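The residues making up each chain are set out below.
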Amino acid sequence: MYFRRAAINAAISMYRSYVGKLKARQEGPIKSGKPSPPKRLHMSMLYYKGMYKDFDEKSILLKLYTGKTWAWVKHRYTGRPFPENAELMSPTIVIKKKKVMLHIPVKEIVEDSRTAKERVQQNEKFVAVALTGSDSLAVCTTIEADGRATAPYFIKGGKELAHRRKLLLGYIKRGIAGNDSPRLMTQPVGNAVLSVPQEHRPNKKYYDKITRITDHYAHAVSRKIVDYALKQGAKLIVLPELKESFNQAKKSYLGKTPYDFIGRRIVRYVQYKAWQQGLVAMTSKPYYASTRCYHCDAPIAKHNTEYQNPSPNFYGGKNFICKEGHRGSTALNSARNLGKGFYERFYAGAA
Ligand SMILES: [Zn+2]
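Everything numeric in this text was worked out from a predicted model, so none of it was measured.

Help me understand the overall build of the protein, please; the structure alone is not making it clear to me.
Within the protein, the secondary structure is distributed over seven helices and 16 strands. Residues classed as buried in the protein amount to 25% of the 351 residues present. By sequence separation, contacts in the protein at least 24 residues apart represent 58% of the contacts at least 6 residues apart.

Shown next, in the form of C-alpha cells:
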C-alpha cells in the first residue's frame with residue numbers, strides 16, 4: 001500500500017511537471033514545440049513512515065521484501081551530517097550501479113518565505129548574474145527598483161581553477177605515457193578522457209580530484225553570490241537558465257566539454273544557499289543577453305585585447321564594443337541584460 005501510494009504520487013508529479021513545461025512553452029514569449037517526455041519512467045523507492053524506523057545518525061531499519069516475506073533489516077550508513085534543527089523527511093533508496101544511496105530531504109524553517117512572484121510584485125531590487133568560462137566565473141549586478149543596473153561585482157577564480165585542472169590533467173597524461181603496456185596507448189588522453197564514464201577512466205583518483213576542486217570553486221563562488229545579494233539588500237537572485245544551452249557548452253568555441261562547465265553547479269548551489277538565507281534564486285532565459293549591448297540594444301562585437309579585431313563571433317571575448325561606441329566587460333553586459341530582460345518581463349507588468 002505504501003509503495004503503491006509512492007508510485008502514484010511519482011506518476012502524478014511527473015505528469016504535472018510535463019504539463020507545466022508544455023504550458024510554459026505555449027504561453028511563453030517564444031512558441032516552440034512540445035517538451036521531450038521524461039527519459040526515464042523508473043522511479044527510486046520512496047519510504048514513507050511505517051516502512052522505516054529507528055532512524056538515527058548511523059543506521060536505519062528498512063522494511064524490505066525478501067521475495068517471500070517482509071522483514072525489518074538494519075542498515076548502517078555514512079554521509080554528511082544533517083543541518084541542525086532540520087526535520088528529516090521520508091528517505092528514498094537510490095540505486096546507482098553497485099552503490100545504494102539513501103536520499104533524505106530535510107525541512108528547515110526559513111524566515112522569509114514569500115515566493116518570487118510576491119517579491120516581484122513588491123518591486124524589490126534584485127541581483128542578476130552572468131556565468132562565464134573565463135577568469136571571472138561569475139559577474140553580478142544589482143537591478144534597482146527603477147530598473148537601473150548598479151554595483152558590478154566580479155567573482156574571479158577561473159584562471160586558478162583552469163591552472164589546477166591543467167596540472168591534474170598533466171599527471172593523467174604522464175601517468176598513461178609512463179606505462180609501457182601497449183594496450184594503454186589506445187586509451188583516450190586529456191580532455192577526450194572526460195567523455196568516458198568516470199569509473200572506467202584510468203587515473204580515477206585524479207579525475208575525482210578534478211571533480212572535487214571544481215566543486216570547491218562552485219561552492220565558493222555561489223557563497224559569494226549569495227553574500228553579495230545579502231549585502232545589497234536584495235531578496236531575489238536571477239541566474240541564467242542553462243538547460244536549453246547545454247549543447248552550446250559542447251561547442252568548441254568555449255574550448256570546454258559540459259564536464260568542464262562549472263556554471264550548472266554554481267546555479268544549483270546558489271539556489272540552495274539562497275534558500276537557506278531566506279532569499280529566492282530563480283533562472284531566466286538569457287535571450288540575446290550575450291549578443292546585444294545593454295545600453296542601446298545594438299549587436300556587439302567582442303575581443304580580448306586592443307590589438308584584436310572585435311568580432312560578433314568571438315564567443316570567449318572578455319570585452320565588447322557596439323557601433324554606438326559603448327564598451328566594457330562582456331560578462332557584465334550579459335548580467336545587465338539578463339537583469340533588464342527579467343525586469344521588463346516581470347516588473348513592468350507587475351508595477
Ligand atoms: Zn551600445
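Can you walk me through unusual backbone geometry in this structure?
Residues apart from glycine generally show negative phi values, whereas peptide bonds are mostly found in trans. The phi dihedral of D54 falls on the positive side, at around 45 degrees, and the residue is not glycine. With respect to the element layout, D54 can be found in the loop between β2 (52-53) and β3 (59-65). Taking the C-beta count within 10 Å as the criterion, D54 has 10 such neighbours and is therefore assigned exposed.

Would you take a moment to explain the packing of helix α4 (residues 204-232) against helix α6 (residues 263-276) for this structure?
Packed helices, taken two at a time, are described by their axes: the angle between them and the distance between them. One way to put it is that α4 packs onto α6 with a least axis distance of 8 Å and a crossing angle of 50 degrees. In terms of their interaxial angle, α4 and α6 are classed as oblique. Where α4 crosses over α6, the two elements pack in a sense that is right-handed. Residue-level contacts link D215, A218, H219, V221, S222, R223, I225 and V226 of α4 to R265, I266, Y269, V270, K273 and A274 of α6. Of the residues contributing to the contact of α4 with α6, the split by class is eight nonpolar, two polar and four charged.

Got a minute to help me understand the sheet that holds β2 in this structure?
Within a sheet, neighbouring strands are paired by backbone hydrogen bonds and run either parallel or antiparallel to one another. Here three strands make up an open sheet; going across it, the order is β2-β3-β4 and the pairing antiparallel. Across the chains shown, the open sheet's two edge strands, defined by having one partner strand only, are β2 and β4 (70-76). Sheet topology note: the β2/β3 ladder contains two bridges and is antiparallel. The residue of β3 that forms the bridge with K53 is L61.

What exactly am I supposed to notice about the nonpolar core here?
Within soluble globular proteins, side chains that are nonpolar generally end up buried alongside one another. Ranked by internal contacts, the top residues of the largest apolar core, which has 47 residues, are V127, V129, A138, I225, I237, V238 and V270. Breaking this core down by element, the ones donating at least two residues are β9 (126-131), β10 (136-143), β11 (149-156), α4, β12 (236-240), α6, β13 (280-284) and α7 (330-350). If sequence neighbours within four positions are ignored, V127 has contacts with C140, T142, Y228, A229, Q232, A234, I237 and V238. Counting residues in each nonpolar core, the second largest holds six residues, with C293, I300, A301 and F320 among its members.

Got a minute to help me understand the pairing of β11 in this structure?
Each regular strand shows side chains that alternate between the opposite faces of the sheet. By the bridge criterion, six bridges tie β10 to β11 in an arrangement that is antiparallel. Considered in β11, the bridge of C140 is made with Y153. The antiparallel pairing of β10 with β11 creates a hairpin that spans five residues between the two strands, and G147 there sits at a positive phi of about 100 degrees.

Looking at this structure, how should I read the pairing of β12?
Where burial is concerned, most of β12 is hidden: five out of the five residues are buried. A two-sided burial pattern is seen for β12, the buried positions comprising L236, V238 and P240 on one face and I237 and L239 on the other. Pairing of β9 with β12, which is carried by two bridges, proceeds in the parallel orientation. Paired with V127 across the bridge in β12 is I237. Of the pairings in the sheet, the one linking β12 to β13 comprises five bridges and is parallel in character.

Please clarify how the sheet that holds strand β14 (residues 300-303) should be interpreted in this entry.
Strand order in the open sheet formed by three strands is β14-β15-β16, with antiparallel pairing between adjacent strands. Only two strands of the sheet have a single neighbouring strand rather than two, namely β14 and β16 (327-329). Recorded for the sheet is a direction-independent mean angle of 30 degrees between the axes of neighbouring strands. Bridging between β14 and strand β15 (residues 319-322) involves four bridges; their strand directions are antiparallel. Considered in β15, the bridge of A301 is made with I321.

Sorry, what's going on with the environment of D146 here?
Within the secondary structure, D146 is located in the loop between β10 and β11. Between the C-alpha atom of D146 and that of K125, which follows or precedes it by 21 residues, the distance is 8.3 Å.

I would appreciate a short explanation of the environment of T305 in the present structure.
Along the polypeptide, T305 turns up in the loop between β14 and β15. Each C-alpha atom of the pair T305 and K318 lies 8.5 Å from the other, and the pair is 13 residues apart in sequence.

Thresholds, definitions, all that
- Residues numbered from 1 in each chain as written.
- Predicted model: local features only at pLDDT ≥ 70, side-chain atom pairs only at ≥ 80, totals over all residues.
- Helix = DSSP H or I, 4+ residues; strand = E, 2+ residues; numbered from the N terminus.
- Buried ≥ 20, exposed ≤ 12 C-beta atoms within 10 Å, placed from the backbone.
- Contact = placed C-beta atoms within 7 Å.
- Axes fitted to C-alpha atoms, helices over the stretch in contact; angles between N-to-C directions.
- Parallel < 35°, antiparallel > 145°, perpendicular 65-115°, else oblique.
- Left-handed = near helix turned anticlockwise from the far one by under 90°.
- Nonpolar A, V, L, I, M, F, W, Y, C, P; charged D, E, K, R; others polar.
- Pairing = 2+ DSSP bridges.
- Core = buried A, V, L, I, M, F, W, Y, C linked by C-beta atoms within 7 Å.

Limitation: the analysis is restricted to geometry and does not speak to function.
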